Amino acid sequence: MGLSAAFFDLDKTVIAKSSALAFGRPFYRDGLISRRDVVKSAYAQLMFRLGGGSDEQTMGRTRDYLAALSKGWRVEQLQQIVAETLEELINPYVYAEAATLIAEHQAAGRDVVLVSASGDEMVRPIGALLGITDVIATRMSIVDGRYSGEVEFYAAGPSKVVGIRELAAERGYDLAECYAYSDSVTDLPMLEAVGHPSAVNPDRALRRAAVENAWPILEFRHPIPLSRRLRDRPAVPVAAALSVGVGVGIGIAIYARHRRTKALA
């Protein structure tokens, strides 16, 4: 256990894609989601890239949508899908710069924690791939081995700070000595909660906040499979400002709002 910690958002910060969207194809193949859900997710990703969708009301709708979508899924089936597809769907998209930075924090004696709105059953195996055991992620209620349709903890926006402060109290971290990294303005509360925040591939709103607060802005742009990371020289994070961002859940909520506005069937 380290004396301080480095908290990393997952999507577009550690990996160059949405972790939830990454598993969309195998989820569809195994019957967990419908073709319509696949289309909605693709549309959601596009809309989120174009901006918007970070308010609390939208995140609340996202939470409720994800709970309803996963109701009845067998936890064991989801875990098996993730385990079987992790190497193909996630490993090639881990930013080399993020992997290097994670290793640097670990070498300095800090705990590294993944903090993600994606489900714990997806985030924890990704963490294991990176040598990370500490995870703060969305937790769904489970009854008789299936998701009940209730959310126990939704790790998004201000709720991420709740999880971080609980872990800090348990471990004895001084948050003023801790680090945090994210690409999205939705994680502004998480960044403000630590003494050493950095924006990674920030969206426009987070870039503005980072400039106003004189926070470091890092550009991660080299997703490299683990085998190549071990063979090649580690990449070094580059200070820059790049407007990117993605979030399947928030995007889905935008999609739903768009459909209501257009009155489409």
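Throughout, residues of each chain are indexed from 1 in the direction in which the sequence is written. A pLDDT threshold of at least 70 governs which residues receive local features in this predicted model, and a stricter bar of 80 or more applies before side-chain atom pairs are shown or counted, although totals over entire chains, interfaces and linings include all residues. Side-chain measures here rest on the full set of heavy atoms in the structure, leaving out hydrogens and waters.

Okay, the pairing of strand β4 (residues 146–153) next. Between any two strands, pairing holds if DSSP finds at least two bridges. Counting from the N terminus, the helices are DSSP H or I runs at least four residues long and the strands are E runs at least two residues long. Where strand β3 (residues 134–143) meets β4, four bridges bridge the pair, whose relative direction is antiparallel. Looking at the pairing, Ile142 lines up with Tyr147 of β4. The antiparallel pairing of β3 with β4 creates a hairpin that spans two residues between the two strands, and Asp144 there sits at a positive phi of about 55°.

Now for the pairing of strand β2 (residues 111–119). Within β2, eight of the nine residues are buried, which leaves it mostly tucked inside the rest of the structure. Of the strand pairs in this sheet, strand β1 (residues 5–9) and β2 are connected by five bridges, and their pairing is parallel. What sits directly across from Asp9, in β2, is Val115. Here a crossover is taken to be right-handed if, once the strands point away from the viewer, the path from the first strand over the helix to the second is traced clockwise. Read as a crossover between parallel neighbours, the route from β2 over helix α7 (residues 120–129) to β3 is right-handed. Whether a residue is buried, partly exposed or exposed follows from its accessible area with a 1.4 Å probe, protein chains only, as a fraction of its type maximum: under 20%, in between, or over 50%, in that order.

So, on to the pattern of salt bridges. By salt bridge we mean one thing: a side-chain nitrogen of Lys or Arg within 4 Å of a carboxyl oxygen of Asp or Glu. Applying the stated rule across the entire model yields seven salt bridges. In this structure, the salt-bridge partner of Asp111 is Arg171, at a minimum N-O distance of 3.2 Å. Here the residue Asp111 occupies a position in strand β2, and Arg171 occupies one in helix α8 (residues 158–171), the gap between them amounting to 60 residues. Residue Arg124 is joined to Asp120 by a salt bridge in which the shortest nitrogen-to-oxygen separation is 2.9 Å. One end of the pair is Arg124 and the other is Asp120, both in helix α7 and four residues apart, which spans about a single turn. On the basis of relative accessibility, which here comes to 36%, the residue Arg124 falls in the partly exposed class.

With that out of the way, let us pick up helix α6 (residues 96–107). What a helix is expected to span follows from its residue count: subtract one and scale by 1.5 Å. Compared with an ideal rise of 1.5 Å per residue, which puts 12 residues at 16 Å, α6 spans 16 Å between its outermost C-alpha atoms and is within 8% of the ideal. Taken together, the buried positions of α6 are occupied by Ala96, Glu97, Ala98, Thr100, Leu101, Ile102 and His105.

Once that is clear, we can look at the confidence of the model for the protein chain. Low pLDDT marks stretches whose predicted atomic positions should not be read closely. Mean pLDDT over the protein chain stands at 81; residues scoring 70 or higher make up 75%. Per-residue confidence from the predictor is given as pLDDT, running between 0 and 100. Contact definition: two residues touch when any of their heavy atoms are within 4.5 Å. This model gives residues 47–53 a pLDDT under 50, and the stretch forms 16 contacts once residues within four places in sequence are excluded. This model gives residues 233–265 a pLDDT under 50, and the stretch forms 79 contacts once residues within four places in sequence are excluded.

This brings us to the packing of aromatic side chains. Any two of the Phe, Tyr and Trp rings considered here, Trp counted by its six-membered ring, make a pair once their centres fall within 6.5 Å; the pair's planes then place it as stacked at under 30 degrees, edge-to-face at over 60, or tilted in between. Counted according to the given criterion, the structure contains five aromatic pairs. Ring geometry for Phe7 against Tyr173: centres 6.5 Å apart, planes inclined by 75°, an arrangement best described as edge-to-face. Here Phe7 is found in strand β1, whereas its partner Tyr173 is found in the loop between α8 and β5 (179–182), with 166 residues between them in sequence. Comparing Phe7 with Tyr173, the two get one shared label, buried. Here a set of aromatic residues connected by ring pairs shows up, and it is made of Phe23, Phe27 and Trp73. In this structure, Lys17 is placed above the aromatic ring of Tyr93, and the distance from its NZ or CZ to the ring centre is 3.8 Å. Charge-over-ring contacts are defined here by two conditions on Lys NZ or Arg CZ: a distance within 6 Å of the ring centre and an angle within 35 degrees of the ring normal.

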